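What follows is the residue order along each chain.
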Amino acid sequence: MKKLLSIFILSFLMLRLSAINYYVSPTGNDVNAGTNESPKFNISALVNSVNPGDTIFVLPGTYNYNAITRLTRSGTADIRICIFGTGYTTSAERPVLNYALQGAGDANRAFYLEAGANYWHIKGIKIQEAGDNGIKIESNWNIIEFCDFDACYDSGIQIGLAKDSGANDGSCAYNYILNCDSYNNCDSQKSGGNADGFACKLFCGPGNIFEGCRAWNNSDDGWDFYSNTFGVLLLNCWTWHNGDATTLRLNKSGNGNGFKMGGNSTYSRGTNIAVGCIAFDMHYVGGGGKCFDQNDNQDPQVMLNCTTFDNIKGFSMASGSTGHTIKNCIAFKATDKMISDQSQNITQNNSWQFGSTTSDKQNGGIGSYADFVADMSNNSTANQLASVARNADGTAA
């Protein structure tokens, strides 16, 4: 046994020591070796050469790309394959992958993690104007960290399969999206009803997590969990100002919701859990403007320590065979209702349940703008404060 353990440890260390660092630069050339002194230009020129432990470093500057980078190789649970932006000291200096030359199209993504391309870690880059998703994930156990997605022609990140898949095959599971921002995404070549900030939809597997992410000014929703069969965990995520056609490409917009937790009652299942999440400034689309929207999900949803204000509906959780859990939440300033409730819901310690105005469905209870240190009643101020630049490590300022 000791001999086998020694062999395993030695093999592990040899793999670590043999890891290779590759480099790309806006001034690089794909005939180069891919070293720091002689970098390549295209990330796609390296992704079929990497092995577990290898890292592709993306040097600062703007890369004008027009082709999909397909990831097909896999890391391991112990040793990932990495693509890291490098050389920046502020979030604004991260390398930019510009896909303006790609053009809109259902298959025109920036990165496509195909089924089996597991254990990748992508960090510290900005993707703009991808012809569909900025990153499409159909694999498992990946980390996407401190990345921006700006003005893509579909959702910035989409985890999931195809519309007609009908069932999950064990993929699209256990992905971790950390400290990412997604904004100005709009499927202007279509109706505007598909481009979300983040999408975990169309038959995703279990264990997907979004933490510390922000989504704003997208044509459809901040987050969309349409036709999912497993729940998603949202931790300290924010979304605002979605569905405003006046600020979007070709004035296209969809539902304009915050966190859309379902869609398609035939397949929509799974208990989504939102903790410490915020949604506001959601009132641009009639029939939309819902901060937390059950949207036909047939399983109970959970919202803890969440906040909504300045919307059409705060918590739209009014149907289903079992109740939803809404605890320690704040809601105020809804033009329709702060909460669309049902008797079997578990609602405890929420702002609208206290004070002398609990019968006021639009602005009752004890929640108010006075609870903020800044004037959040001013939309311009609220949007500016919410979208403040991140620190160089990806954390919110």
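Residues numbered from 1 in each chain as written. Predicted model: local features only at pLDDT ≥ 70, side-chain atom pairs only at ≥ 80, totals over all residues. Heavy atoms only, no water.

## Brief notes about the overall build of the chain
Helix and strand content of the chain: 2 helices and 30 strands. Against the globule reference of 21 Å for 397 residues, the chain gives a C-alpha radius of gyration of 22 Å, in line with a compact fold. Each principal axis of the C-alpha atoms in the chain carries an extent, and together these give about 70 × 55 × 40 Å. Residue burial in the chain is summarised as follows: out of 397 residues, 53% are buried. Counted over contacts in the chain with a minimum sequence separation of 6, partners at least 24 positions apart contribute 67%. Positive and negative side-chain charges in the chain, numbering 27 and 35 respectively, have mean positions lying 5 Å apart. (Helix = DSSP H or I, 4+ residues; strand = E, 2+ residues; numbered from the N terminus. Rg over C-alpha atoms; globule rule 2.2 N^0.38 Å. Buried < 20%, exposed > 50% of the residue type's maximum accessible area, 1.4 Å probe, protein only. Contact = heavy atoms within 4.5 Å. Lys, Arg positive; Asp, Glu negative; His and termini not counted. Charge placed at Lys NZ, Arg CZ, Asp CG, Glu CD.)

## Digging into the environment of glycine 243
By secondary structure assignment, the location of glycine 243 is in the loop between β21 (238-240) and β22 (259-260). Discounting residues that sit within four places of it in the chain, glycine 243 has contacts with Asn218, Ser219, Asp220, Leu248, Ser253, Gly256, Tyr284 and Val285.

## Quick look at the sheet that holds strand β8 (residues 120-123)
Spatial strand order, β1-β2-β5-β8-β11-β14-β17-β20-β23-β26-β28-β30: 12 strands in an open sheet with parallel pairing. The open sheet has two edge strands with one neighbour each: β1 (21-24) and β30 (346-348). For this sheet, the mean angle separating the axes of adjacent strands, direction not counted, is 10°. (Pairing = 2+ DSSP bridges. Axes fitted to C-alpha atoms, helices over the stretch in contact; angles between N-to-C directions.)

## Details of helix α2 (residues 379-386)
Looking only at α2, the buried set comprises Ala382, Asn383 and Ala386. Along α2, the residues classed as buried sweep out an arc of 95° about the axis, all on the same side. Along α2, exposed side chains directed more than 90 degrees from the buried face belong to Ser380 and Gln384. Buried-residue contacts for α2 involve β18 (214-216), β21 and β24 (278-282). Its side-chain oxygen 2.9 Å from the backbone nitrogen of serine 380, asparagine 378 forms the N-cap of α2. (Arc of directions from axis to C-beta. Polar contact = N/O pair within 3.5 Å; in protein donor to acceptor, adjacent residues only side chain to side chain.)

## Overview of the state of the cysteines
Enumeration over the complete set of coordinates arrives at 0 disulfides. You can see cysteine 172 has no disulfide; the closest cysteine sulfur is in cysteine 204, sitting 5.3 Å from it. A relative accessible area of 0% means that cysteine 172 is categorised as buried. Free cysteine: cysteine 277, not disulfide-bonded; nearest cysteine sulfur from cysteine 306 at 4.8 Å. For cysteine 277, a relative accessible area of 0% puts it in the buried group. (Disulfide = S-S within 2.5 Å.)

## A short note on the confidence of the model for the chain
Considering every residue of the chain, the mean pLDDT works out to 92; 94% of them sit at 70 or more. Here residues 4-15 is modelled with pLDDT under 50, and outside its nearest four sequence neighbours on either side it reaches 4 contacts, counting other chains as well. (pLDDT = per-residue confidence, 0-100.)

## Brief notes about the nonpolar core
Of all hydrophobic cores here, the largest spans 72 residues; its most connected members are Phe111, Ile127 and Phe292. The greatest single-element share of this core, amounting to 4 residues, is contributed by strand β29 (residues 330-340). In this structure, Tyr183, Met376, Ala382 and Ala386 belong to the second largest nonpolar core, which totals 9 residues. (Core = buried A, V, L, I, M, F, W, Y, C linked by side-chain atoms within 4.5 Å.)

## Structural notes on the packing of aromatic side chains
Applying the stated rule across the entire model yields 25 aromatic pairs. An angle of 5° between the planes, with centres 4.9 Å apart, marks the rings of phenylalanine 280 and phenylalanine 309 as stacked. Here the residue phenylalanine 280 occupies a position in strand β24, and phenylalanine 309 occupies one in strand β27 (residues 307-316), the gap between them amounting to 29 residues. For the pair shown, phenylalanine 280 and phenylalanine 309 are each scored as buried. The structure contains a cluster of three or more aromatic residues connected by ring pairs, namely Tyr183, Trp216, Trp240, Phe280, Phe309, Phe332, Tyr369 and Phe372. Stacked on the ring of phenylalanine 146, the Lys or Arg arginine 94 has its end atom at 4.1 Å from the ring centre. In this arrangement the basic side chain of arginine 249 is found over the ring face of tyrosine 153, its NZ or CZ atom lying 3.6 Å from the centre. (Phe/Tyr/Trp six-rings, centres within 6.5 Å; stacked < 30°, edge-to-face > 60°. Lys NZ or Arg CZ within 6 Å of the ring centre and 35° of its normal.)

## Observations concerning the environment of tyrosine 23
Looking at the secondary structure, you find tyrosine 23 in strand β1. Distance in space between the C-alpha atoms of tyrosine 23 and isoleucine 83 is 9.6 Å, their sequence separation being 60 residues. Residue contacts for tyrosine 23: discarding those within four places in its chain leaves Gly34, Thr35, Asn36, Pro39, Lys40, Leu46, Phe57 and Leu59.

## A closer look at the pattern of salt bridges
Tallied over the full model, the rule gives 15 salt bridges. The salt bridge involving aspartate 148 is made with arginine 94; its shortest N-O contact spans 3.2 Å. With aspartate 148 in strand β12 (residues 148-150) and arginine 94 in the loop between β5 (81-85) and β6 (96-98), the pair connects residues that are 54 residues apart, well separated along the chain. The pair aspartate 148 / arginine 94 is uniform in exposure class, with both members buried. A salt bridge links aspartate 181 to arginine 214, with the nearest nitrogen and oxygen atoms 2.7 Å apart. Here arginine 214 lies in strand β18 and aspartate 181 lies in strand β15 (residues 181-183), a separation of 33 residues in the sequence. For the pair aspartate 181 and arginine 214, one class covers both residues: buried. Among the charged side chains, a salt-bridge network with shared partners connects Asp181, Arg214 and Arg390. (Salt bridge = Lys/Arg side-chain N within 4 Å of Asp/Glu carboxyl O.)

## Details of the side chain of serine 227
Structurally, the position occupied by serine 227 is in the loop between β19 (223-224) and β20 (233-235). In this structure the side chain of serine 227 is engaged in a polar contact, spanning 3.3 Å, whose partner is the side chain of asparagine 264. In this view, serine 227 contacts Leu202, Phe203, Gly263, Asn264, Tyr267 and Ser268; residues no more than four positions away in its chain are not counted.

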